[in-house]
Amino acid sequence: MDFPSTQFVPSRMMGTYEPIHQIGMWGENFKSIGNPSISASVIVEVDNKLENESETASHEMPAPSCKHDQEASKPFDKIQRRLAQNREAARKSRLRKKAYVQQLESSRLKLIQLEKELEQAREQQGLYIGGGLEAGHLGFSGVVNPGIAAFEMEYKHWMQVQNRQLGELRTALNAQISDIELRIVVENGMSHYFELFRMKSTVAKADVFYVMSGTWKTSAERFFSWIGGFRPSELLKVLVAQLDPLTDQQIFEVCNLKQSCQQAEDALSQGMEKLQETVSATLAAGQLGQGTYFPQVAMAMEKLEALVCFVNQADHLRQETLQQMSHILTTRQAARGLLALGEYIQRLQDLSTLWATHPREPA
Amino acid sequence: MDKVTRLASENGLVLFSKSSCCLCYAVKILFQEIGVTPTVHELDQDAEGREMERALMRLGCSAPVPAVFIGGKLVGSTNEVMSLHLSGGLIPLLRPYHSMC
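Note that the coordinates shown come from a computational prediction; the quantities given were computed from them, not determined experimentally.

Chemist: Explain the interface of chain B and chain A here, please?
Modeler: A common way to state how big an interface is: give the accessible area lost once the parts meet. Chain B puts 17 residues into the contact, and the matching count from chain A is 22 residues. Counting the contacts that link chain B with chain A gives 0 salt bridges. Joining chain B to chain A, the criterion identifies 4 residue pairs in polar contact (both at pLDDT 80 or more). Elements supplying a minimum of two residues to the side of chain B that touches chain A: α2 (22-34) and α4 (78-86) of chain B. If you tally residues by element for the side of chain B that touches chain A, the top one is α2(B), at 8 residues.

Right, here's the structure in full:
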């Protein structure tokens, strides 16, 4: 089902707000499901939300026009920044709630549909579909984890903020702003990455395989994926190439960081291999082909729990790498580094798009 | 628990682990890469393993294993060891207790 919020968000940001149009869109979507009693109650809830949001939208209007007063109103800027952060947090919360409700609705409908199909299949073929195979045959992937839905919403928003921050970095580096102000921009950039790691930690608890597969990322990003994200050593490689000139002291510290990062990465990689071997051995234990396998699967499940730890450790390593780099670099270098990293990821995403749309000879 | 504190102080670098734990394996590999050899105590092969696990949790470890002690003092689990290593603090801490390869 197409979720209308992606059309919803940009119009809010531009301040052109059409509540009636939005309600219409919501109504249309629910009508197409054909369950008017549910859609009525959800539309009422959405109405209330839209009313609340129109209040905040009117408060947002003055903010963009105050840019020309920048020099005389630095405290005003700081307050505006805080207000903006609060609004973002509130907006994120609303998006999460929307996603959750949406998922509940679609899951419920999918379940009804599947039950119908199952009834029909049983009647027609008179087959007994055994317990373990049922889920696989009927594809329970239709019932999506609400944790994943929430994460995907938040990630879409995260990318929007990321792109905005990259623009701010570009502007800040070209303008004559003070080191203190540049530091704030850098800190925002760093916090934004740390926010992503927190989001990933939450969704990893809901479904670690989702994080491992990198489904929310573009295909080229997934190509470079290592335990659910970018390789810290890759990150360093991309950054360092952009950061000349470095002092001798900085070169020494970066070298050490590269080495310890590589060692930690190798340790986690080998730990992951060990985990694969362990799960595989557990799963293959006993005789294959006899049809009774639940004990082995249950034991393998237990072993697999460790995967969550590995994903968390990998993200921790990514965070520490960024943190250490920011200690080694000057504010200006850190800003350039963040911009370089952000643009590198954008290039990967463009590569994915180009690849997907590139005409290819039929097989 | 006395046994844990005693074992922790017996050597410069002590690792409490479980032979089935893959994260512990990763920490062992890390020490190998740095060129140090920890004294490893596998809790799943120790009769008092459960007691020791509880003792480690009481000392403040979020997970009983892996638990790393340097010079008898608790450094922490994988998180702390990785942070320490990346900040350049792990090797200096180990220096008085081991000769580097």
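Chemist: In this structure, what is going on with the pattern of salt bridges? I would like to understand it.
Modeler: Close approach of charged atoms allows side chains with opposite charge to pair. Residues and elements named next belong to chain A. For the coordinates displayed, the defined rule picks out 17 salt bridges over all chains. Measuring nitrogen to oxygen at the nearest pair gives 2.9 Å for the salt bridge that ties E265 to R231. Separated by 34 residues along the polypeptide, E265 in helix α12 (residues 248-284) and R231 in the loop between α10 (219-223) and α11 (232-241) bring together distant segments of the chain. Its relative accessible area of 1% is what places E265 among the buried residues. Accessibility expressed as a relative area gives 31% for R231, which makes it partly exposed.

Chemist: Teacher, can you tell me more about the pairing of strand β3 (residues 67-70) of chain B here?
Modeler: Regular strands place side chains that alternate from one sheet face to the opposite one. All names here are of chain B. The alternating pattern of β3 places A67 and F69 and V68 and I70 on opposite faces, both of which are buried. Bridge count for strand β1 (residues 13-17) against β3 is 4 bridges, and the pairing is antiparallel. Bridge pairing in β3 links L15 to V68. Pairing analysis gives 3 bridges linking β3 to strand β4 (residues 73-76), with the strands arranged antiparallel. Following the sheet pairing, I70 is matched in β4 by K73. As consecutive antiparallel partners, β3 and β4 are separated by 2 residues, and within that stretch G71 has a phi angle of approximately 60 degrees, a positive value.

Chemist: Help me understand the nonpolar core in this model?
Modeler: The nonpolar side chains of a soluble globular protein tend to be buried with one another. Core analysis: the biggest nonpolar cluster contains 77 residues, and Y155(A), Y193(A), L268(A), F310(A), L322(A), M325(A) and F16(B) have the highest contact counts within it. With 11 residues, helix α8 (residues 179-206) of chain A is the single largest residue contributor to this core. Ignoring anything within four residues of it in the chain, the contact list for L268(A) reads W226(A), I227(A), F310(A), Q313(A), A314(A), L317(A), L23(B), A26(B) and M82(B). Within the second largest apolar cluster, 15 residues are counted, among which are A267(A), I34(B), V36(B) and V75(B).

Conventions used here
Residues numbered from 1 in each chain as written. Chains lettered and ligands numbered in written order. Predicted model: local features only at pLDDT ≥ 70, side-chain atom pairs only at ≥ 80, totals over all residues. Heavy atoms only, no water. Contact = heavy atoms within 4.5 Å. Salt bridge = Lys/Arg side-chain N within 4 Å of Asp/Glu carboxyl O. Polar contact = N/O pair within 3.5 Å; in protein donor to acceptor, adjacent residues only side chain to side chain. Helix = DSSP H or I, 4+ residues; strand = E, 2+ residues; numbered from the N terminus. Buried < 20%, exposed > 50% of the residue type's maximum accessible area, 1.4 Å probe, protein only. Pairing = 2+ DSSP bridges. Core = buried A, V, L, I, M, F, W, Y, C linked by side-chain atoms within 4.5 Å.

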